[in-house]
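# Descriptive structure summary
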Amino acid sequence: MKILRAILSGVITWALIFVLWTIMIFIPVLKDIEILQYLIHYTVLIPIVILGASYYYKSMDKVNGFILGVIMLIVGIMLDAIITVPFFTKPQGTGYAEFFINPLIWVGFVEFVAITYLYWTKKVKI
């Protein structure tokens, strides 16, 4: 496994998701409708994760997609803990616990790993 490439794939994926959320919070219609934001997030997460996985697998490594998905997700969670929560959600009154125990974010975590695994089964494993 190319761990540095997996980490970079996680960083790229996190950055794209960060940009998505930044855009969504500035759209007046979406600003205060959390469930709609998450529905958009779940939809756009598909191509974003596929892009991150495809970047990793360009290295011709065939590591299991579940493992890659978990590593990329851990990288994203770490970046959320270092950047998103202290600089963006904490000033709005949402701390670490509230951010990370939100069931809507956990749906995204599961989707993230599942998409990476499915990408691996369809494009890499064969």
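A brief structural summary. Since this is a predicted model, take the numbers as computed values, not measurements.

## Considerations on the packing of helix α1 (residues 3-25) against helix α3 (residues 65-89)
Contact geometry for α1 and α3: axes closest at 8 Å, N-to-C directions at 50°. Relative to α3, α1 is oriented oblique. The hand of the α1/α3 crossing is right-handed. Residue-level inspection shows I3, A6, I7, S9, G10, V11, T13, W14 and F18 of α1 in contact with α3, the latter providing L68, I71, M72, V75, G76, L79, D80, I83, T84 and F88. Looking at the contact of α1 with α3 residue by residue, the classes come out as 13 nonpolar, five polar and one charged.

## Some thoughts on the packing of aromatic side chains
Under the definition given, this model contains nine aromatic pairs. For the pair W106 and F109, a centre-to-centre distance of 5.2 Å together with 70° between the ring planes defines the contact as edge-to-face. Of this pair, W106 and F109 both sit in helix α5 (residues 103-124), three residues apart, roughly one helical turn. Taking relative accessible area as the criterion, W106 reaches 47% and is therefore assigned partly exposed. An aromatic cluster of at least three residues, connected via ring pairs, comprises W14, F18 and F88. If you follow R5 out to its NZ or CZ, it ends over the ring of Y55, 4.1 Å from the centre.

What counts, and at which threshold
- Residues numbered from 1 in each chain as written.
- Predicted model: local features only at pLDDT ≥ 70, side-chain atom pairs only at ≥ 80, totals over all residues.
- Heavy atoms only, no water.
- Axes fitted to C-alpha atoms, helices over the stretch in contact; angles between N-to-C directions.
- Helix = DSSP H or I, 4+ residues; strand = E, 2+ residues; numbered from the N terminus.
- Parallel < 35°, antiparallel > 145°, perpendicular 65-115°, else oblique.
- Left-handed = near helix turned anticlockwise from the far one by under 90°.
- Contact = heavy atoms within 4.5 Å.
- Nonpolar A, V, L, I, M, F, W, Y, C, P; charged D, E, K, R; others polar.
- Phe/Tyr/Trp six-rings, centres within 6.5 Å; stacked < 30°, edge-to-face > 60°.
- Buried < 20%, exposed > 50% of the residue type's maximum accessible area, 1.4 Å probe, protein only.
- Lys NZ or Arg CZ within 6 Å of the ring centre and 35° of its normal.

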